[in-house]
Protein chains: 2
Amino acid sequence: MPNYILGIDGGGTSCRAAVADAEGRILGRGKSGAANILTDPDNALIHIVGAATAAFEEANIAPSKIGSACALLGVAGSNVGDAVHYVKERLPFAKADIESDGLIALQGALGDSDGAVAILGTGSIYIARQANDIRYIGGWGFQIGDLGSGARLGHALLQESVLAFDRIHPSSPLTNAVMAEFNDDPREVVEFARAARPGEFGRFAPKVFEYAGRNDPVAVALLHASAQTIDEALDAVVAQGSRKLCLLGGLAPIYRPWLAERHQPLFMEPEADALTGSVALAAKRFAAGGQA
Amino acid sequence: MPNYILGIDGGGTSCRAAVADAEGRILGRGKSGAANILTDPDNALIHIVGAATAAFEEANIAPSKIGSACALLGVAGSNVGDAVHYVKERLPFAKADIESDGLIALQGALGDSDGAVAILGTGSIYIARQANDIRYIGGWGFQIGDLGSGARLGHALLQESVLAFDRIHPSSPLTNAVMAEFNDDPREVVEFARAARPGEFGRFAPKVFEYAGRNDPVAVALLHASAQTIDEALDAVVAQGSRKLCLLGGLAPIYRPWLAERHQPLFMEPEADALTGSVALAAKRFAAGGQA
């Protein structure tokens, strides 16, 4: 039994940590800056320790005790061996495991029940759990995957706006608004798209939802097409046995009404957040002394 | 009246030139290496001059006469001002104009008639001419345009193969063959796609046609979807007045049977190739002393 356990949710914009007792009761929480182990592992380390220290301070535990804690981190890029190894070697905890950000989100959302989560943000990925079997579906990134994600939806909007400019597809207030942002010059769209990262395409996604709410026909068509890709992935998840579905990520609440009728009865609200999930996983893993 | 005119078709794999008399009668042809003014303007210059010299030699004209020739070059990237300026300043001809590779292809295909060409290769672009009015449609590149192109079709195949791997979409002999090429590991597809240039995606396009010929259901669906994007662009071209359509580019002959019934009566065989088109444009422009 460890003295303390730490759950850590390392995100691309901030890192959150929670310290708990050996049974997983949270005693304090802390937050710090970005923890991207792929693009900036050294700063990720600083922020992971910073968030953990802040959690100990909030719990009124001497930060010197950090060295005796057992930590479970959920981060993006947990499947990239080199980055995980680099960070894991340098963490100041008694024990530490690094898991995917998706897995701690699933644990938080579903608790210990079976089911699946769809994480719909800049990217998209589906994670299903049955007993101890975890399956990842999708999530292959913007270039050939992540259908239904904000990045792909924003990309589709730009493409559609240029098609409308060329009068190949109908224009609409939405496509006119997009082209106006680029001075009605497709070359500016091309220039933007050449350099844009997924997150920059994703910034156009909320516009699609906004205009779809006003029945803009292009927005509605784009959103139906995008929602269909999500429904198809959910069909695959359901076919593999999941009976509870939880939508997570920034686009989850606005996508939900656009998803198919057949999935609506399966949707449930998440029980808790990813940070809580990381604590629960840490408690299971380190209390049991084995895999959870 | 110039002594000689030169038509030059500068392509990404080779450069071809034809020397003609002032009336545009071709006297000799020559060929040399790649002429990509965007990525390698200095070698493009060498190959442009090399092809012209070879054409003069074939015509038994002293290559020293090159300096008195008026040349019209068709090249990719003719809309990129800096590259055009750099090359134009350094050409050893009496006069030279640089036009798009599409325009000389159109002139070759249609002669002096009105109509439109669809250039279906690694990229896709549509060019329509009515009297002296030239309109470009599409051709915005792989990232947000070029629908129906070989690159987009190959990309769609890779995406579909990963969707089939995830059991989100049905698999087929085609998707199985693609995944086998990547050792049945979507991460290898992701890795390939991250670095792939449009031409590398395009190398997968012939596979779609090949399997569609054997009624592979995924191949047929991908090809129908891709052909539909071409039909939609052709609809826009026809709506703007074109009554003759000419399909050009490496994929033209294999796409044609997949295109809509409504377009079949409008298709015509190209009258001549892009090199012949460049000579015809040069003859019109420099004999008339004005724009052609």
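Think of each chain on its own: its residues are numbered from 1, step by step along the sequence as written. Chain letters start at A and ligand numbers start at 1, both assigned in the order the entries are written. With pLDDT at 70 or above as the cut-off, local features in this predicted model cover only qualifying residues; side-chain atom pairs require 80 or more to be listed or tallied, and sums for whole chains, interfaces and linings still use all residues. Excluded from the side-chain calculations are hydrogens and water; all other atoms, namely the structure's heavy atoms, are used.

- Labelled according to an unreviewed UniProt entry, chain A appears under the name Glucosamine kinase, originating from Rhizobium herbae.

### Thoughts on the sheet that holds strand β9 (residues 245-248) of chain B
Residue and element names in this part refer to chain B.
Stage number 1. With respect to topology, four strands assemble into an open sheet ordered β8-β7-β6-β9, the strand pairing being mixed. Both edges of this open sheet fall to β8 (133-138) and β9, since each of them pairs with a single strand only. For this sheet, the mean inter-axis angle between neighbouring strands, taken without regard to orientation, is 20 degrees.
Stage number 2. Pairing between two strands requires that DSSP report at least two bridges joining them. Only DSSP runs of H or I covering at least 4 residues are called helices, and only runs of E covering at least 2 are called strands; the numbering of each starts at the N terminus. Pairing of strand β6 (residues 115-120) with β9 involves four bridges; the strand directions are parallel. Bridge assignment links Ala116 to a residue of β9, and that residue is Leu245.
Stage number 3. Contacting β6, β7 (124-130), β8 and β9, helix α3 (residues 101-110) crosses the sheet at an angle of about 125 degrees to β6.
Stage number 4. The strands touched by helix α9 (residues 217-239) within the sheet are β6, β7, β8 and β9, with β7 carrying the most contacts at an inclination of about 15 degrees. In this analysis an axis means a line fitted to C-alpha atoms, helices contributing only their contacting stretch, and an angle means the value between N-to-C directions, from 0 to 180 degrees. Contact between two residues is taken to exist if any of their heavy atoms lie within 4.5 Å; hydrogens are not considered.

### Considerations on the pattern of salt bridges
Stage number 1. What counts as a salt bridge is simple: a side-chain nitrogen of Lys or Arg found within 4 Å of a carboxyl oxygen of Asp or Glu. Taken as a whole, this structure holds 28 salt bridges over all chains when the rule is applied.
Stage number 2. Notably, a salt bridge pairs Arg16(B) with Asp9(B), separated by 3.3 Å at the nearest N-O pair.
Stage number 3. Burial status follows relative accessibility: with a 1.4 Å probe on protein chains alone, a residue under 20% of its type maximum counts as buried, one over 50% as exposed, and anything between as partly exposed. Residue Asp9(B) is classed as buried on the basis of its relative accessible area of 15%.
Stage number 4. A salt bridge links Lys207(B) to Glu181(B); the shortest N-O distance between them is 3.3 Å. Of the two residues, Lys207(B) is situated in helix α8 (residues 205-213) and Glu181(B) in helix α5 (residues 173-181); the sequence distance between them amounts to 26 residues.
Stage number 5. The structure contains a network of salt bridges with shared partners spanning Lys88(A), Asp97(A), Glu99(A) and Arg285(A).

### Re the pairing of strand β6 (residues 115-120) of chain A
All names here are of chain A.
Stage number 1. By the criterion of burial, β6 is predominantly enclosed, with six of the six residues buried.
Stage number 2. Neither face of β6 is left uncovered, since the one carrying Gly115, Val117 and Ile119 and the one carrying Ala116, Ala118 and Leu120 both have all their residues buried.
Stage number 3. Pairing geometry for β6 and strand β7 (residues 124-130), over six bridges, is antiparallel. Each residue of the ladder has a partner; that of Ala116, found in β7, is Ala128.
Stage number 4. Hairpin connection of β6 to β7: three residues between the antiparallel strands.

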